[in-house]
Amino acid sequence: MGLFKKLSDPALLGGPSNKSVAEDDPIWEPINGISLQDYADLARLSQTHGITDEPGMIALAQRECGWDPADTKAAMDGWVQRMGQSMAVGQRFRKLLGY
């Protein structure tokens, strides 16, 4: 595989893939019942409350959304992992945040 081919897809160098992702791809499936939209909503809610750390977000999710802390932690970690796999996930997350 040539250098230019590797440069066209960062996943080949250990970064997130820049390939498009179909709407029915499993990467969009909720994690422990928490969708990417839910995660973005929690992130926005956390911003309005001045919460900037993971424990604070988890506590807020439990208090405001009724989410189980273990499910919230798993979902947060999972969505971050998926963003690291595919730029499309990160781009959609930013769009859901309003950026």
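First, a word on scope: everything that follows refers to the structure included in this document.

The rules behind the values
- Residues numbered from 1 in each chain as written.
- Predicted model: local features only at pLDDT ≥ 70, side-chain atom pairs only at ≥ 80, totals over all residues.
- Heavy atoms only, no water.
- Salt bridge = Lys/Arg side-chain N within 4 Å of Asp/Glu carboxyl O.
- Buried < 20%, exposed > 50% of the residue type's maximum accessible area, 1.4 Å probe, protein only.
- Helix = DSSP H or I, 4+ residues; strand = E, 2+ residues; numbered from the N terminus.
- Expected span 1.5 Å × (residues − 1).
- Polar contact = N/O pair within 3.5 Å; in protein donor to acceptor, adjacent residues only side chain to side chain.

### Regarding the pattern of salt bridges
(1) Moving on: Counted by the stated rule, this structure contains five salt bridges.
(2) Moving on: The shortest N-O distance in the salt bridge between glutamate 64 and arginine 63 comes to 3.8 Å.
(3) Moving on: For glutamate 64, a relative accessible area of 46% gives the class partly exposed.
(4) Moving on: Residue arginine 63 is classed as exposed on the basis of its relative accessible area of 54%.
(5) Moving on: Across the salt bridge formed by aspartate 77 and lysine 73, the nearest N and O atoms sit 2.9 Å from each other. Of the two residues, aspartate 77 and lysine 73 both sit in helix α4 (residues 69-85), four residues apart, roughly one turn of that helix.
(6) Moving on: Of the residues examined, aspartate 77 reaches a relative accessible area of 35% and is grouped as partly exposed.
(7) Moving on: Residues participating in the shared-partner salt-bridge network are Glu54, Lys73 and Asp77.

### Focus: unusual backbone geometry
(1) Moving on: Of note, the phi angle at asparagine 32 is positive, near 50°, even though the residue is not glycine.
(2) Moving on: With respect to the helices and strands, asparagine 32 occurs in the loop between α1 (3-8) and α2 (36-48).
(3) Moving on: Residue asparagine 32 is classed as partly exposed on the basis of its relative accessible area of 43%.

### What about helix α5 (residues 87-97)?
(1) Moving on: Buried within α5 we find Ala88, Val89, Gly90, Phe93 and Leu97.
(2) Moving on: Count one or two residues on from α5 and you reach glycine 98, which has phi positive near 100°.

### Some remarks on α4
(1) Moving on: The end-to-end C-alpha distance of α4, which contains 17 residues, comes to 24 Å, matching closely the 24 Å that a straight helix rising 1.5 Å per residue would cover.
(2) Moving on: All of the buried residues in α4 are Thr72, Ala75, Met76, Gly78, Trp79, Arg82 and Met83.
(3) Moving on: Between the side-chain oxygen of the N-cap and the backbone nitrogen of alanine 70 there are 3.0 Å, and the N-cap of α4 in question is aspartate 68.

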